[in-house]
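Take a look at the letters that make up each chain.
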Amino acid sequence: MLDVKNISIVFNEGTVDEKTALNNINLSLEKGDFVTVIGSNGAGKSTLMNVIAGQLYPDVGDVLINGKQVIHLPEYRRSQFVGRVFQDPMAGTAPSMTIEENLAMAYSRNKKRKLTFGVTKSRRKMFKEYLQTLNLGLEDRLTAKVGMLSGGERQALSLLMTTFTDPDILLLDEHTAALDPSRAELITGLTKKVVTDAGLATLMVTHNMQQALDLGNRLIMMDKGQIIFEASGIDKQRLTVEDLLHEFQRIRGEQFEDDRVVLG
Amino acid sequence: MFISMFGAVESGIIYAIMALGVYLTFRVLDFPDLTVDGSFVTGAAVAALAIINGVPPIIATILAGIAGFLAGTLTGLLHTKGKVNALLAGILMMTALYSINLRILGQPTLSLHTEATIFDQLGNVWGAPIDNMLNSMLGIFGLERLPSTWGILIVMLLVTVIIKLITDYFLKTEVGLAIRAIGDNKRMIRSLSANTDNLTILGVALSNGLVALSGGLIAQLGGFADVGMGIGMIVIGLASVIIGEALFGTKTIARATLAVIGGAVIYRMIVTLALRFDFFETGDMKLITAIIVIIALISPKILKTQREKKRRIEKRRALEQEIKEVG
Ligand SMILES: Nc1ncnc2c1ncn2[C@@H]1O[C@H](COP(=O)(O)OP(=O)(O)OP(=O)(O)O)[C@@H](O)[C@H]1O
Ligand SMILES: [Mg+2]
């Protein structure tokens, strides 16, 4: 479903600030794959997400979605297949527009936008049903401005907006990091649910090692622009946080360094 | 007095179309577009030139709107594809349009006094009985100088309201929602597969189309098009938007656009009132406008902090009272 081939990207090449953010990354995701991504600060996790989403253009390499080359498609065209939830709860919704208007915009993601009403009676009914699955009571606040919602509610809405039109690829970049623990847990639960329900190919960056182990069927560890460790299936299930730290030390010969890491 | 206020409302309603355009860029797209000073004149110039060359006034007015649409398209292209800062893109287009407008006009001022404008034609169709009826109703209040025709006011009110309703509808369509999201959260709407560049261009083009349409009508109302008639137009548009929002609120789109129209009319009335003082001269209008905008921008904030202060004092007093009662 998603193929990332030989992706490399260097920032500020030829200057003192030169930085190899991604160094020959190869990655393949099947439909239904849920890959958690961990790695030290500046490992290139967000850069990889940005390359897949089309926000960044790599120096070399290719991105294929459903076997089709998409590397030359601009971000807005690629987002027909790729859904994203950002770390910042403010990033995924339009604050001065209503909940139903936000959902209507998301509903148009994989369709051509037309000069017909974005919110119709039948759509409102459908939005209500989707909102009910969040269990946050948002279905009764369709005409409330999204700016009035809490960070957790906004993030839940963002997640729904990204997934209810069934994208092929779902990219989650620390999408629970800005929330307090109970809200983060709520969003994590919702994530698990939509991912298993929809059977998309998902990449999720997290700084919570235990979460990276608990969620998904595959795990990758990144460092200095490379994927240095991979585990899947039964191997992943057997892993512990200690194993991960140990692996890192064995491969890199140094301690895992991440100021935001949560060991579990 | 009544007759000058009547004139203020009459032109205010036409300027409201321009203000709706400014609302589209400044508020909806969050794009401070200064093209307005130029595109207003472009509209006036195109309409005047067309009418002088025998084009039916209604067609000439539509051509004015199209010319503004094209000017706005260029500003939008400059900003999105050329990656020029929004303010600078507008200033560049405004400057370029000055020369273009002069070329269209062929001379600094084109008079329409000998031509039949859209309003003259309207006067022929408009029934005098309606004027007589409305004027006789006013006569009851003892007003002596009465408007020569109500036709312009009523028809233009109708036209402006129709434009407002179309704008309201447009901003609720799938395309319109995406345009609003550009001003609210550009990154998000791009991640929802909207071509933000094209939508921005469309928004700026529509805005300037309205501005130029208004310019074309004002030229016909005043009977001339002048290369300098657009100076400060953007501030007038902003004044209308801000006054309207402050007085009528912005709770919904329909409310906000209505507020803009109200703001444009009230702005004209304020200027007319101000000019009645002998102290003020016509040339002071721009200064008055700037001051109105400054007051309208600052006073809501001052009022808010005052209200907050008052609330806090009251709360404290209530608490002290409580403590006293308990103690
Ligand atoms: N636009 C850019 N210009 C220059 N350097 C950049 C740019 N974006 C990222 N980098 C650099 O590339 C490296 C990888 O950044 P990236 O954001 O992908 O890290 P990350 O793995 O997401 O880290 P974190 O865990 O802190 O979010 C970092 O050293 C960063 O400073
Ligand atoms: Mg990151």
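Residues numbered from 1 in each chain as written. Chains lettered and ligands numbered in written order. Predicted model: local features only at pLDDT ≥ 70, side-chain atom pairs only at ≥ 80, totals over all residues. Heavy atoms only, no water.

## Some details on the sheet that holds strand E6 (residues 82-85) of chain A
Strand pairing in a sheet relies on backbone hydrogen bonds. The paired strands run either parallel or antiparallel. Residue and element names in this part refer to chain A. Taken in spatial order, the six strands of this open sheet run E6-E7-E8-E3-E9-E10, and their pairing is mixed. With partners counted over all chains shown, the strands left at the sheet margins are E6 and strand E10 (226-232), one partner each. Sheet twist, expressed as the average angle between the axes of neighbouring strands with direction ignored, equals 20°. Of the pairings in the sheet, the one linking E6 to strand E7 (residues 169-173) comprises four bridges and is parallel in character. Its bridge partner being in E7, Val82 is matched across the sheet by Ile169. (Pairing = 2+ DSSP bridges. Helix = DSSP H or I, 4+ residues; strand = E, 2+ residues; numbered from the N terminus. Axes fitted to C-alpha atoms, helices over the stretch in contact; angles between N-to-C directions.)

## Digging into the sheet that holds strand E4 (residues 60-65) of chain A
Residues and elements named next belong to chain A. With antiparallel pairing, the four strands of this open sheet are ordered in space as E2-E1-E4-E5. Looking along the sheet, the strands with just one partner apiece sit at the ends: strand E2 (19-29) and strand E5 (68-69). Sheet analysis places E4 next to E5, joined by two bridges and oriented antiparallel. Residue pairing in the sheet places Leu64 in a bridge with Gln69 of E5.

## Here we look at the packing of aromatic side chains
For the structure on display, the rule yields ten aromatic pairs over all chains. Considering the side-chain rings of B:Phe6 and B:Trp150, the 5.0 Å spacing of their centres and the 75° angle between planes classify their relative orientation as edge-to-face. Placement of B:Phe6 in helix H1 (residues 2-29) and of B:Trp150 in the loop between helix H6 (128-139) and helix H7 (151-170) is noted, with a sequence separation of 144 residues between them. Each member of the pair, B:Phe6 as well as B:Trp150, carries the same accessibility label: buried. An aromatic cluster is built from A:Tyr107, A:Phe127, A:Tyr130 and A:Phe164, whose rings are joined through pairwise contacts. Sitting over the ring of A:Tyr107, A:Lys111 keeps its end group 3.9 Å from the ring centre. (Phe/Tyr/Trp six-rings, centres within 6.5 Å; stacked < 30°, edge-to-face > 60°. Buried < 20%, exposed > 50% of the residue type's maximum accessible area, 1.4 Å probe, protein only. Lys NZ or Arg CZ within 6 Å of the ring centre and 35° of its normal.)

## Here we look at the domain arrangement of chain A
Residues and elements named next belong to chain A. Under the domain assignment used here, chain A contains domain 1 (2-81 + 167-263) and domain 2 (94-149 + 157-163). Between the C-alpha centres of domain 1 and domain 2 the distance comes to 28 Å. Contacts between the two partners involve 13 residues from domain 1, matched on the other side by eight residues from domain 2. Buried surface at the junction of domain 1 and domain 2, summed over both partners, amounts to about 880 Å²; 70% is from carbon and sulfur atoms. Contact with domain 2 buries surface across domain 1, with Gln80, Pro167 and Leu190 losing the most and accounting together for 44% of the total. Applying the counting rule to domain 1 against domain 2 returns zero salt bridges. Contributing elements (two or more residues each) for the side of domain 1 that touches domain 2: E7 and helix H6 (181-198). Top contributing element to the side of domain 1 that touches domain 2 by residue count: H6, with six residues. The residue inventory of the side of domain 1 that touches domain 2, partitioned by class, reads eight nonpolar, four polar and one charged. (Domains from an automatic or database assignment. Contact = heavy atoms within 4.5 Å. Buried area = accessible area lost by both parts, 1.4 Å probe. Salt bridge = Lys/Arg side-chain N within 4 Å of Asp/Glu carboxyl O. Nonpolar A, V, L, I, M, F, W, Y, C, P; charged D, E, K, R; others polar.)

## Considering the domain arrangement of chain B
Residue and element names in this part refer to chain B. In terms of domain boundaries, chain B breaks down into domain 1 (2-276) and domain 2 (281-327). Computed over C-alpha atoms only, the centres of domain 1 and domain 2 are separated by 33 Å. With twelve residues of domain 1 at the contact, the number on the domain 2 side is eleven residues. Summing both sides of the interface, domain 1 and domain 2 together bury roughly 970 Å²; the carbon and sulfur share of this comes to 87%. At the boundary of domain 1 and domain 2, one finds two residue pairs in polar contact (both at pLDDT 80 or more). Where the side of domain 1 that touches domain 2 is concerned, the elements lending two or more residues are helix H11 (233-248) and helix H12 (253-276). Residue classes in the side of domain 1 that touches domain 2 are distributed as eleven nonpolar, one polar and no charged. (Polar contact = N/O pair within 3.5 Å; in protein donor to acceptor, adjacent residues only side chain to side chain.)

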